[in-house]
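Read off the chains here:
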Amino acid sequence: MVKTMKKESGAATAVRTLRQPTLDTLGLGTVLDIFRRGALPADPSTLVDEVFGPPGERGCMVISGANGIVGAGKTMQFASRLQPYGVPVVALDFPGAPDGIGMQYPGLVAAFGKEGADRIMADVVRLAYDGRTLPDELMAMNPRFLLEAIPEILEVKRAHYEIFRKAFPGIEIRSVTSGFPSSELGVGVAHPAFPHEINRIWEIVEDEPSAVARLMWALGLTPLPVGDNWSFILDVLFCGIALAGLRYHEASNMPYWKIDKLVRKLLGPNPFRAHDAIGAKGADFLTWSCLHHLAGTYGEVFRPTEDLVERKDTGQDWYPPNHFRPLVDWKLSDEEQETFRTWILGPLFQMTSLMLHENRAHLAHMNAIGEVCAQFRKGIVAVMRDAGPDEVAAVVEAYHRLHPEAAERTSWFPDAVKDMSSPEWQQLYVNAEHDGHVGVVTLGRESYSWEVDAELNRALDWLVAEGIERVIVTGDFHISTQMVGADTSDFYAALENVEDGLAITNGWSATARRLNDEFRVSVGMIPGKRCLGGMLELMVHCHHVVAVEGTRLGWPEVGLPVVPGMEGCHWPLRKAPEDAWPRILEMLLTGQAVTAKDAVGWLIDYAGPMEDALAQTWKLASAAEGSARTLADGALEGVPTEVTGLPEADSPASEAARAAILRCAHDASGVTLAEALAVQAKQAAEFLAGPDCRGGAVGADYEKTMKV
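Every value quoted in this text rests on a predicted model; they were computed, and no experiment measured them.

**Some words on the domain arrangement of the protein chain**
Buried accessible area, meaning the area lost when the parts come together, often serves as the stated size of an interface.
Now for step 1: Taken domain by domain, the protein chain holds domain 1 (44–225), domain 2 (232–423) and domain 3 (429–706).
Now for step 2: A separation of 40 Å is found between the C-alpha centroids of domain 1 and domain 3.
Now for step 3: Taken together, the 5 residues of domain 1 in the interface contact 6 residues of domain 3.
Now for step 4: Contact between domain 1 and domain 3 buries roughly 420 Å² in total, counting both sides, with carbon and sulfur atoms accounting for 52%.
Now for step 5: For domain 1, the biggest contributors to the area lost against domain 3 are Arg-200, Trp-217 and Thr-222; these three give 72% of the whole.
Now for step 6: Applying the counting criterion to the domain 1 and domain 3 interface returns 0 salt bridges.

The structure is reproduced here in C-alpha cells:
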C-alpha cells in the first residue's frame, strides 16, 4: 500500500511526497519547493564563496594524482566548471607521471571550442612533488579543497592527508577511493563513476550533506549520498558482475568473450570487455582490491578467483589481441541457460541484499548507479523488484547449491528483500509530491520504459486519490538531467511480435493521455539540455509545455528507424496552427531538433531562462485554466501527404520510415481524437514488427544483444 511522508517547508504549506525526493538526501528539499520558490535550491556563486572563499581571498582546488585516468578526467570536469568563478585548479602529481591531462585537451576542444578549452587549461596549474613535501608554489595559492586520486594504498593515502592538513589546517578533503570507507581513511569520499571525463555521478560519503556536495550539484554534477561501507555501490556491482562471470568460467570453462555476450543479453554490461577498455592492468587491480577487502569483511561471496589474482599482477587483457569471434558461436540449452542465470544473478542478488541490509543508499540512487554507471539495462533493484522476493530468494538458494561457500549469513540477508511493497521499492524512477493544491510528478530516468510507465501511472493514481487537479510533470533535477526518449531495448519483443508492439503503442499512449484527460491543468516543464522522442510525446500531452530556452526538442525516431508510437504523429499537429504543420512534419521526417525558444507557439507554450521558466510553470499550474493552445478533437483536413525539399534519407530503412511516418500522420490526423489512438498504435506497431525496423539500428542492437 502506498505510503506518504510529510515534509515541512518553513512557513509554507506542508509538502506530501510519495517517497523521499532524492534531492532531499543532499539537504535541497523537494522539487515542488523549487517551483514555489521560482529558483533552484543551490546557487553556485554563493557556494563557491563558501567553499573557496570570497573574491579577493579565493583559494584553489588541488587534485592529487592528477595525471592518472581518474585524476585527469576530474581535473577537466572541475576546471571547466570552476573557470567562470575564478577558482584555479592545481594538478599535482609525480615528476615522471605520464601526461594524462594533456590527453584530455582534444575532448575539451570538442566540448568548448579551442578558445574555451584554452581558457580552461590556462586555469589548470600543474605542479610536481615528491610525495613527502608540498611544492612552495602551492603555499601561496591557499588550497581550500583537495580531491585525492592517488593509488589505492591506505597508508599512503593517510600520510598524504596528514601532509595537507599540517600545511593547510581546515582544508576540505575528499578521496576518490574505490574501496576504503571514510572511517578508515579519515576523510570524506567522493567516488566518481567511469568514464571519468564525462560521467557526472559521484558516490558521496559524508556525515551530513556539505557545502562541497551542494556545490557539486550546483555545478551540474550528480552527487549521490551513500553509506560508509567497504567498497561502494558501483564497485560492488561492477566488480561483482565480473566476479560472477569469473566463477562461471571456472565452473564451465566458457571463454570470457562468450560469457560477456551472455551477460549482455541477461543484464546489459560486458564485464570483461569493460576491464580491457578501461585498461586491464589498472582495472584488474582495482577490482581485485575491492573484492579482496570485501571478502575480508563479508566472506566468500566476494573472494577473488585465481584468474583475477593472476591478472592483477600481469595486466593481461581478457580479450586476446586482434580478437575475432569464432565462426561457430554455439547456443546454450535451456538447462545451461538456467545454470548460467543462477551463476550470474545469484551472487548479484546476494550482494545487493547486503547493501540493502546496510541501508547503503536511497533505493533510487542504488538503482540508478547500476544503470548509469555499471551499464545495466535495468538497475539491479528494479531487476529484483521484477523478479519478486520469492524468486530472488530461490535464485540465491540455487546459487548456494552451486557455490556452497557463499552461503554465509554475514552476506545473505533474505529479510532485506522480503517486502517490496513500499513506495521506496515501487517508485524507483517516478516520484510525486503535492501541497494540497498543485502536484508535481518527477521523472528520475532519462529514457521512458515499461518501468517508468507503470510508476508514472501509480504516481498519477496517488495524486488523483489525494484530490489533486493541477499537476506539473518534469525531471527530478538530480539523477535525470535530460529526456532522451524511449528505452529502445523495450522494443526488442515488438520486433518479433506485433502484439508486443501494440502493448507499447496503446499502453504508453494511454498513460500520456491521462495528463490531458484527468487533470484540470497539467504543465510539462522541460528543465534543460534536450527532450526527445517518446519523452517529448509525453510532455506535449500536457495542457501547457514550458522549457528552458536552450533545450533541444526533437523526434529522432526516423533514424532508428521507428514510427513515433506515443501519438507523436498526430497529437502535435492537433495543437499547432495549420501553418506550423510543415515544420512539425519536417521534424518527424528528418529527425532534426529545434531549440525551445524557436518552438514557442506551435510546439510548446513558453521558453525562457531557468528562473523565468520555473516561475511561468508555477503560475500556469497554480492559477491557469484550460489550455494555451486548443487540442483539435475532430478530423484535421489538409494534412500534407508529401513534404518536399527534405535532405536525402540516410538509408533505405530511413526512407521507408519517412513514408510510414507521413502515412501515419495523415491517417491518424484524418480521424477524430477518440479514433486516432488505435490508428497510430496499429501503424507504429506494424512498422516495429516489419523488415525495415529490423534492418535499422534498433534491429541491429537486438541481433547483437539478444541473438546469442
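**Here's the deal with unusual backbone geometry**
Now for step 1: The residue after Leu-560, namely Pro-561, is reached through a cis peptide bond having omega -10 degrees.
Now for step 2: Positive phi, close to 65 degrees, is recorded for Asn-253, a residue that is not glycine.
Now for step 3: Here Asn-253 is to be found in the loop between α9 (233–252) and α10 (256–266).
Now for step 4: By relative accessible area, Asn-253 is classed as exposed at 61%.

**Regarding the pattern of salt bridges**
Now for step 1: With the rule as written, the count across this model stands at 32 salt bridges.
Now for step 2: The salt bridge involving Arg-174 is made with Glu-206; its shortest N-O contact spans 3.0 Å. Within this pair, whereas Arg-174 is found in strand β7 (residues 172–175), its partner Glu-206 is found in the loop between β9 (201–205) and α8 (211–218), the two being separated by 32 residues in sequence.
Now for step 3: Residue classification places Arg-174 among the buried positions, given a relative accessible area of 7%.
Now for step 4: Given a relative accessible area of 22%, Glu-206 falls into the partly exposed group.
Now for step 5: Two residues, Lys-378 and Glu-451, come together in a salt bridge whose shortest N-O distance is 2.9 Å. Here Lys-378, found in the loop between α15 (363–373) and α16 (380–387), pairs with Glu-451, found in helix α19 (residues 450–465); they are 73 residues apart in sequence, far enough to count as distant.
Now for step 6: The network of salt bridges with shared partners includes Glu-496, Arg-694, Glu-703 and Lys-707.

Rules behind the numbers
Residues numbered from 1 in each chain as written. Predicted model: local features only at pLDDT ≥ 70, side-chain atom pairs only at ≥ 80, totals over all residues. Heavy atoms only, no water. Domains from an automatic or database assignment. Contact = heavy atoms within 4.5 Å. Buried area = accessible area lost by both parts, 1.4 Å probe. Salt bridge = Lys/Arg side-chain N within 4 Å of Asp/Glu carboxyl O. Helix = DSSP H or I, 4+ residues; strand = E, 2+ residues; numbered from the N terminus. Buried < 20%, exposed > 50% of the residue type's maximum accessible area, 1.4 Å probe, protein only.

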